[in-house]
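Geometric and topological summary
The chain contents come next:
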Amino acid sequence: MHISMITVDESHCISQWGYDFRPSYLRIAEIRDMMPEVPVLALTATATPEVVADIQRQLHFRQENVFRMSFERTNLAYVVRHTEDKRGELLHILRSVQGSAIVYARSRRRTKEVAELLNEAGISATFYNAGLDTTVKDERQRDWQNDKVRVMVATNAFGMGIDKPDVRVVIHIDCPDSLEAYFQEAGRAGRDGQKAYAVLLYNDADHRKLDKRISDT
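All of these numbers come straight from a predicted model, not from anything done at the bench.

**Observations regarding the pairing of strand β7 (residues 167–172)**
Counting buried residues along β7, six of its six residues qualify, which places the element largely inside the surrounding structure. With five bridges joining them, strand β4 (residues 100–104) and β7 adopt parallel strand pairing. Residue pairing across strands places A101 opposite V169, the latter belonging to β7. In this sheet, strand β8 (residues 196–202) lies alongside β7 in parallel orientation, the contact comprising four bridges. If you follow V170 over to β8, its bridge partner there is A198. Read as a crossover between parallel neighbours, the route from β7 over helix α6 (residues 179–186) to β8 is right-handed.

Take a look at the structure:
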């Protein structure tokens, strides 16, 4: 087989999560030893300068070579909404903004609870997390991708390779782990270039949880 290029998509996995999440990503450089003349392209939508440097190091770049585009998405509105009634606010947003949607939650249990809430309110939804069987996850992703259900409620396990162009709103009902994670997840809205919204629902309890997470680290 003639190989003209080695392309690594979601290359932040090499650094951001790769050391334990996807150890096989760390072995990609071994391919370079077999094919030293084949160029390598690493792609990612979100990476800090430290991660960018680490990606190049892990893939044995001979010299630094980075092409960057602006993070700005002019069609995407970022909204932080302070509310003590997140569920009520969630329903209000989904009734106000039509079209496909993703709701991100922090725990597996919460994904199920929120999906049940939405279905009871007449908004078709399913849930997705790492605890589900692969066949179930694939089926639910297909149903959402093919508009059989409108809303996917998920943990951050729902993310790799998701590219549905007509997502009109991404709602975080819980705070994500980092700004990079937030930007990655929020960026799944509006990939068709049309107007879309990324909404973070925030309350005083979130502030305390984030402070605790910092002190526990």
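**Some thoughts on the pattern of salt bridges**
The final tally for this structure, using the stated rule, is 12 salt bridges. Among the ionic pairs, E30 bridges to R27, the shortest N-O distance being 2.9 Å. E30 gets classed as partly exposed once you look at its relative accessible area, which sits at 35%. R27 gets classed as exposed once you look at its relative accessible area, which sits at 54%. Note that E113 is salt-bridged to R109, the shortest N-O span being 3.7 Å. Pair noted here: E113 and R109 are both in helix α4 (residues 108–120), with a separation of four residues, about one helical turn. Here R109 falls in the exposed class, since its relative accessible area comes to 65%. It is possible to trace a salt-bridge network through shared partners that takes in R87, R109 and E113.

**A look at the sheet that holds strand β6 (residues 151–154)**
Strand order in this open sheet of six strands is β3-β8-β7-β4-β6-β5, and the pairing throughout is parallel. With one partner strand each, in any of the chains shown, β3 (76–82) and β5 (125–128) form the two edges of the open sheet. Here the average twist between neighbouring strands, direction ignored, is 20 degrees. Sheet analysis places β4 next to β6, joined by four bridges and oriented parallel. Along β6, the bridge assignment pairs I102 with M152. α4 rests against β4, β5 and β6 of the sheet, and its axis sits at about 175 degrees to β5.

**Here's the deal with the nonpolar core**
In terms of nonpolar packing, the biggest core is built from 22 residues, with L90, L94, L118, V151 and I171 touching the most fellow members. Sorting the residues of this core by element identifies α3 (86–96), β4, α4, β5, β6, β7 and β8 as the ones contributing at least two each. With four residues, α3 is the single largest residue contributor to this core. Apart from the residues lying within four places of it in its own chain, the contact partners of I171 are L90, I93, L94, I102, V103, Y104, V199 and L201. Judged by nonpolar contacts, the second largest core, of 20 residues, contains M152, I162, V167 and L200.

**Brief notes about unusual backbone geometry**
The phi angle at H60 is positive, at roughly 60 degrees, despite the residue not being glycine. Along the chain, H60 falls in the loop between α2 (49–58) and β3. For H60, a relative accessible area of 44% corresponds to the partly exposed category. Located in the positive-phi region is D147, a residue other than glycine, with phi close to 65 degrees. Checked against the element boundaries, D147 lands in the loop between α5 (134–145) and β6.

Thresholds applied
- Residues numbered from 1 in each chain as written.
- Predicted model: local features only at pLDDT ≥ 70, side-chain atom pairs only at ≥ 80, totals over all residues.
- Heavy atoms only, no water.
- Buried < 20%, exposed > 50% of the residue type's maximum accessible area, 1.4 Å probe, protein only.
- Helix = DSSP H or I, 4+ residues; strand = E, 2+ residues; numbered from the N terminus.
- Pairing = 2+ DSSP bridges.
- Right-handed = clockwise from strand over helix to strand, strands pointing away.
- Salt bridge = Lys/Arg side-chain N within 4 Å of Asp/Glu carboxyl O.
- Axes fitted to C-alpha atoms, helices over the stretch in contact; angles between N-to-C directions.
- Contact = heavy atoms within 4.5 Å.
- Core = buried A, V, L, I, M, F, W, Y, C linked by side-chain atoms within 4.5 Å.

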